[in-house]
Amino acid sequence: MDFIHDLWDFLKVRKKFWLAPIILVLLLFGVLIVLTSGSAIAPFIYTLF
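Positions within a chain are numbered from 1, following the residues in the order the chain's sequence is written. In keeping with the model being predicted, local features are shown solely for residues with a pLDDT of at least 70 and side-chain atom pairs are shown and tallied solely at 80 or more, while totals for entire chains, interfaces and linings include all residues. Calculation of side-chain values draws on the structure's entire complement of heavy atoms; hydrogens and water are dropped beforehand.

In this scheme Phe, Tyr and Trp rings, the latter by its six-membered ring, pair at centre separations within 6.5 Å, and the angle between planes marks the pair as stacked below 30 degrees, edge-to-face above 60, and tilted otherwise. Per the stated rule, a full pass over the model turns up one aromatic pair. Their ring planes at 55° and their centres at 5.9 Å tell us that W8 and F17 sit as a pair that is tilted. Only protein chains enter the accessibility calculation, which uses a 1.4 Å probe. A residue is then buried if its area is under 20% of the maximum for its type, exposed if over 50%, and partly exposed in between. Judged by its relative accessible area of 43%, W8 falls in the partly exposed class. Residue classification places F17 among the partly exposed residues on the basis of a relative accessible area of 41%.

Together, M1, F3 and I4 line one region of the surface with nonpolar side chains, adding up to about 440 Å² of accessible area. Checked against the element boundaries, M1 lands in the segment before helix 1 (2-14). Surface patches are defined over residues having more than 30% relative accessible area and no salt bridge, joining like charges when they lie within 9 Å and nonpolar side chains (Val, Leu, Ile, Met, Phe, Trp, Tyr) when within 5 Å. Residue-level accessible areas treat just the shown protein chains as cover; the underlying method is Shrake-Rupley with a 1.4 Å probe. By convention in these notes, a salt bridge is any Lys or Arg side-chain nitrogen within 4 Å of a carboxyl oxygen on Asp or Glu. Secondary structure elements are taken from DSSP: a helix is a run of H or I of four residues or more, a strand is a run of E of two residues or more, and numbering for both begins at the N terminus.

By themselves these figures say nothing about function.
Shown next, in the form of structure tokens:
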């Protein structure tokens, strides 16, 4: 949790709010790959990348 707080402080102080959507999308893709790695839809997810 401390990492998230430090990251948010960095974005706020440096006025780099445009990085927040990029980080969020990368995290969502990572979660999608991890959660579907053992399922039947995994081959369809990997074709997207």
